[in-house]
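Summary of the model geometry
Spelled out from the first residue to the last, the chains are:
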Amino acid sequence: MIEWNEQHLMLQDAVRKFVDTEIKPNLEELEHGDTPPYDVLRKMVRTFGIDAMQRMRFEKQIAREKALAASGDGAVAASEPPRKAVEGDGDTMGPALQLIPIIELCRYCPGMVTAMGVSAGLTSAAILSKGTIRQKEKWALPLLTLEKIGSWAITEPGSGSDAFGSMQSSAKRRGDGYVLNGSKTFITNGPYADTIVFICKLDEGNEPRERKILHFVLDRGMPGLVQSKPLRKMGMHSSPTGQLFLEDVFVERERLLGESEDAAGRGGRAGAKATFSMERSGVAAMALGIVSQCLELCTEYARTRVQFGRPIGEFQLIQAKLAKMEVARMNLQNLVFRQIELSAHGKGMSMAEASACKLYSAGAAVEVALEAVQLFGGNGYMAEYQVEQLARDAKVLQIYGGTDEIQISQIARSLLSH
Amino acid sequence: MKILVPIKRVPDPQTNIAVKPDGSGIVTDNVKFVINPFCEIALEEALRVKEQQGGAEVVLVSIGPKVTQEQLRTGLAMGADRAMLVVAEEELDPATAATVLKKIVEAESPDLVLAGKQSIDDDANQVGQILASSLDWPQATFASKVEFSADKKEVTVTREVDGGLEQVAFALPGIVTTDLRLNEPRYASLPGIMKARKKELKEVPLADYGVAGAAKVKTHKMAPPPKRSAGRKVETVQELVGLLHTEAKLI
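Owing to the predicted nature of the structure, the values given are computational and were not obtained by experimental measurement.

Regarding its fold elements, chain A presents 13 helices and 9 strands. Since a compact globule built from 418 residues should have a radius of gyration of about 22 Å, the 22 Å found for chain A is in line with a globular shape. Considered along the principal axes of its C-alpha atoms, chain A spans approximately 80 × 50 × 45 Å. Counted over contacts in chain A with a minimum sequence separation of 6, partners at least 24 positions apart contribute 76%. When the accessible surface of chain A is summed, it comes to about 18,600 Å², and 54% of that surface belongs to carbon and sulfur atoms. The positive charge centre, built from 49 side chains, and the negative charge centre, built from 51, are 2 Å apart in chain A.

Turning our attention to the interface of chain B and chain A. It is common to report an interface's size as the accessible area lost on association of the parts. Listed per partner, the contact involves 15 residues of chain B and 17 residues of chain A. Taking both sides of the interface into account, the surface hidden between chain B and chain A amounts to around 1,500 Å²; carbon and sulfur atoms contribute 70%. At the junction of chain B and chain A, the tally comes to 3 salt bridges. As a salt-bridge pair, Glu40 of chain B and Lys17 of chain A come within 3.4 Å of each other at their nearest N and O atoms.

Moving on, we get to the pairing of strand β9 (residues 164-171) of chain B. Residues and elements named next belong to chain B. Taken together, the 8 bridges between strand β8 (residues 154-161) and β9 define a ladder with antiparallel strand orientation. Note on β9: the bridge partner recorded for Val155 is Phe170. Between β8 and the antiparallel strand that follows it, β9, lie 2 residues; Gly163 among them carries a positive phi value of about 85 degrees.

Our focus in this paragraph is the environment of Arg211 of chain A. All names here are of chain A. For Arg211, the location among the structural elements is in the loop between β4 (195-202) and β5 (213-219). The exposure class assigned to Arg211 is buried, which follows from its relative accessible area of 16%. When the C-alpha positions of Arg211 and Lys201 are compared, they lie 5.8 Å apart, and in sequence the two are 10 residues distant. Here Asn206 takes part through its backbone oxygen, which lies 2.8 Å from a polar atom of the side chain of Arg211.

Moving on, we come to a nonpolar patch on the surface. Residue and element names in this part refer to chain B. Nonpolar side chains collect at one region of the surface, where Val237, Val241, Leu250 and Ile251 lie side by side and expose about 400 Å² of accessible area between them. As for its placement among the helices and strands, Val237 is situated in helix α6 (residues 237-246). When its relative accessible area of 57% is taken as the criterion, Val237 is described as exposed.

All names here are of chain A. If you check the domain split of chain A, you get domain 1 (6-148), domain 2 (153-266) and domain 3 (282-416). On a C-alpha basis, the centres of domain 1 and domain 2 stand 23 Å from each other. Between domain 1 and domain 2, the contact holds 30 residues from the first and 22 residues from the second. Here domain 1 packs against domain 2, burying approximately 2,300 Å² in sum over the two surfaces, 55% of which is carbon and sulfur. On the surface where domain 1 and domain 2 come into contact, there are 1 salt bridge. Going through the elements one at a time, α2 (27-32), α5 (74-79), α7 (110-130) and α8 (133-144) are the ones with two or more residues in the side of domain 1 that touches domain 2. The leading source of residues in the side of domain 1 that touches domain 2 is α7, at 12 residues. For the side of domain 1 that touches domain 2, the class distribution of residues is 14 nonpolar, 10 polar and 6 charged.

Residue and element names in this part refer to chain B. Taking strand neighbours across the sheet as the criterion, the 9 strands line up as β9-β8-β7-β10-β6-β1-β4-β5-β11 in an open arrangement whose pairing is mixed. Two strands in the sheet have a free side with no partner beyond their single neighbour: β9 and β11 (201-205). Adjacent strand axes in the sheet meet at a mean angle of 35 degrees, parallel and antiparallel pairs treated alike. As judged from the 3 bridges shared by strand β7 (residues 139-148) and strand β10 (residues 174-178), these two strands associate in the parallel manner.

Residue and element names in this part refer to chain A. The geometry of helix α1 (residues 6-23) relative to helix α3 (residues 38-47) is characterised by a closest axis approach of 11 Å and an angle of 145 degrees between their N-to-C directions. Between α1 and α3 the crossing geometry is right-handed. Side by side, α1 and α3 meet where Phe18, Glu22 and Ile23 of the first sit next to Val40, Lys43, Met44 and Thr47 of the second. Residues of the contact of α1 with α3, tallied by class, amount to 4 nonpolar, 1 polar and 2 charged.

Below, the discussion takes up the nonpolar core. Soluble globular proteins tend to pack their nonpolar side chains together in the buried interior. Within the largest apolar cluster, 116 residues are counted, with the highest numbers of intra-cluster contacts made by Ile23, Phe48, Leu105, Val336 and Leu397 of chain A together with Val5 of chain B. Lining this core are residues from two domains, each supplying at least three of them: domain 1 (6-148) and domain 3 (282-416) of chain A. Non-local contacts of Leu105 of chain A, meaning those with residues more than four positions away in its chain, are made with Val19, Ile23, Leu41, Met44, Pro110, Met112, Val113 and Met116 of chain A. Counting residues in hydrophobic clusters, the runner-up holds 24 residues, among them Val86, Val105, Ile175 and Leu206 of chain B.

Residue and element names in this part refer to chain B. The omega angle of the peptide bond from Leu172 to Pro173 is 5 degrees, so this bond is cis rather than trans. In this fold, Pro173 is placed in the loop between β9 and β10. Unlike most non-glycine residues, Asp123 shows phi in positive territory, near 50 degrees. Within the fold, Asp123 resides in the loop between β6 (112-116) and α4 (127-135). Positive phi outside glycine occurs at Lys152, with the angle close to 60 degrees. By the secondary structure assignment, Lys152 is in the loop between β7 and β8.

Turning our eyes to something else, we now look at the pattern of salt bridges. Summed over the entire model, instances satisfying the criterion amount to 43 salt bridges over all chains. Two residues, Lys184 of chain A and Glu156 of chain A, come together in a salt bridge whose shortest N-O distance is 2.9 Å. Of this pair, Lys184 of chain A sits in strand β3 (residues 177-188) while Glu156 of chain A sits in the loop between β1 (150-153) and β2 (170-174), and the two are 28 residues apart along the sequence. When its relative accessible area of 1% is taken as the criterion, Lys184 of chain A is described as buried. Where salt bridges share partners, they join Lys2, Glu57, Arg82 and Glu108 of chain B into one cluster.

Turning our eyes to something else, we now look at the side chain of Glu160 of chain B. Residue and element names in this part refer to chain B. Examined against the element boundaries, Glu160 turns out to sit in strand β8. Within the structure, Glu160 has its side chain in polar contact with the side chain of Arg181 (distance 2.7 Å). Ignoring any residue separated from it by four or fewer positions in sequence, one finds Glu160 in contact with Phe142, Ser144, Leu165, Asp179 and Arg181.

Residues and elements named next belong to chain A. Here β2 runs beside β3; their pairing, made up of 5 bridges, is antiparallel. Looking at β3, one finds that Ser170 is bridged to Asn181. Counted along the chain from β2 to the antiparallel partner β3, the turn is 2 residues long, and its residue Gly175 has a positive phi close to 55 degrees. Alignment of β3 against strand β7 (residues 241-252), held across 9 bridges, turns out to be antiparallel. Counted as the bridge partner of Gly182 is Leu246 from β7.

The rules behind each value
- Residues numbered from 1 in each chain as written.
- Chains lettered and ligands numbered in written order.
- Predicted model: local features only at pLDDT ≥ 70, side-chain atom pairs only at ≥ 80, totals over all residues.
- Heavy atoms only, no water.
- Helix = DSSP H or I, 4+ residues; strand = E, 2+ residues; numbered from the N terminus.
- Rg over C-alpha atoms; globule rule 2.2 N^0.38 Å.
- Contact = heavy atoms within 4.5 Å.
- Areas by Shrake-Rupley, 256 points an atom, 1.4 Å probe, with all protein chains shown as cover.
- Lys, Arg positive; Asp, Glu negative; His and termini not counted.
- Charge placed at Lys NZ, Arg CZ, Asp CG, Glu CD.
- Buried area = accessible area lost by both parts, 1.4 Å probe.
- Salt bridge = Lys/Arg side-chain N within 4 Å of Asp/Glu carboxyl O.
- Pairing = 2+ DSSP bridges.
- Buried < 20%, exposed > 50% of the residue type's maximum accessible area, 1.4 Å probe, protein only.
- Polar contact = N/O pair within 3.5 Å; in protein donor to acceptor, adjacent residues only side chain to side chain.
- Patch = residues over 30% accessible without salt bridge, like charges linked within 9 Å, V, L, I, M, F, W, Y side chains within 5 Å.
- Domains from an automatic or database assignment.
- Nonpolar A, V, L, I, M, F, W, Y, C, P; charged D, E, K, R; others polar.
- Axes fitted to C-alpha atoms, helices over the stretch in contact; angles between N-to-C directions.
- Left-handed = near helix turned anticlockwise from the far one by under 90°.
- Core = buried A, V, L, I, M, F, W, Y, C linked by side-chain atoms within 4.5 Å.

Right, dumping it as structure tokens:
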């Protein structure tokens, strides 16, 4: 893929129009008024028929898995990763159609993409890759269509980058089920989530480092589960972030993803890591949206802002900033094209490549957005100008989904392991 | 029911238009083109009729350069069934466009032609009317509401006229042109965009319609409107009234 085709541009156009009418006029409220982003997101998903497409795709996948299960080899069916059975036919439409709304939303509201991505992406993917058919039907489908909002809960006050090593949240067997305890923080959608994938360690009285990692599905309002109010943060205000507190929450075995403690290969650490890899690859599209918007705003400003008797775009120091932004935009677009192309051929990025991709994308977004603030000068520091928001929003790309430092160590590990 | 919707490719009304230095037209480099907003409203209405009646065929037609395919594809993605492009590199005047459309109507024999009341580029507001008279069909322009009788043989149209609303009714076939407040056009959806790839988009050269050299109206020169000059502050009401008399000659 070397450029957007006519259909891609048609969707880009339609989503841009939607953003202009539905999001731009409400930006103030979404960014500074604690208005949850879900109604607008649901409207978008319905308007563009994304929900219908997700449902269709889901039903196809479930039918295939059921057929496999019926053919006698249930174990094979259950361990089949979700989309592996589909051979990519080289058609870029599917993957492009998923990324274009992300890019367009990020021009105004990167937080919305975070809220949507964690719910319809991360949380549902965790259930789809580890759950049984019954669990997928019950919990994954409503997340894919945004009918329900999901959270993927891994981070804790004492465990961030060292997610599994320092994890305190625990599950203990009791009767036919488990008793869950622990607290989670920085959980996207936490305050409003209907469905929560809670990641914890099975406490069998053994060494914490050796404990199995289990994933449970929780529903809003379960006895013992408390969801906090939104936390105040630097940016991404349109994405509500919160804390979760679990005190002796009893769950039946049917809430354990995979309904087996030994789903290690697809559950456990490897499963969570696969989810990270997916989270990382979405960052290039987000960065592309932020950078494109900054560049557009800056170009216009450089043309119209007059100082010393001429438009500031005539000064070479301003030109250098614009040129660097354009280089970043081109690089990001190529990364997005590569992702689309890989996905069209039924392939994904390796963990190391996804890390490299995220490291570059996040850095480019932060650099460009801060330079955009600089180019706007005093105006850029004012909340009235959009670059101020984008600069605050961009920063988290270097932190969530694995910090820059973690990405670097993963790239290096992969390089040195041969 | 078959509905024919003629659409026109025009510059996006949101973009700033610059006139070429020689006055021969507007600068089209880097200008985004869209379906004329009134035509888009006509298409939306046709799609709603199709949905309400549980089956009507919506046929799009446009006259314009080959790139008009983009606008037709968008129309197909919104839900039209098939499209036809009369490829014309030169600009046609309203009467010539109506002549081409008349031949298409005669070949397609639709029950209804739903068109925009005017295009936002030349603002002629003539094609629908000329087409109706040359076909000797009934017409209702500036529609703000379109309703069909139970047997779908008659249409009642509410028109926005000076000082109020007027209702007219006629037996099909006929022509309705749409005003701004008729509806709000939908977005092209994801499944719509996917399906549009497989829908028919037929191209016919303008030469097939034998209208070469028929244009009676030609654009001679375009010029940007004069820039508004700065206002002036006056000290007293008397001074203002005086200037309105002597300079502005308004009173």
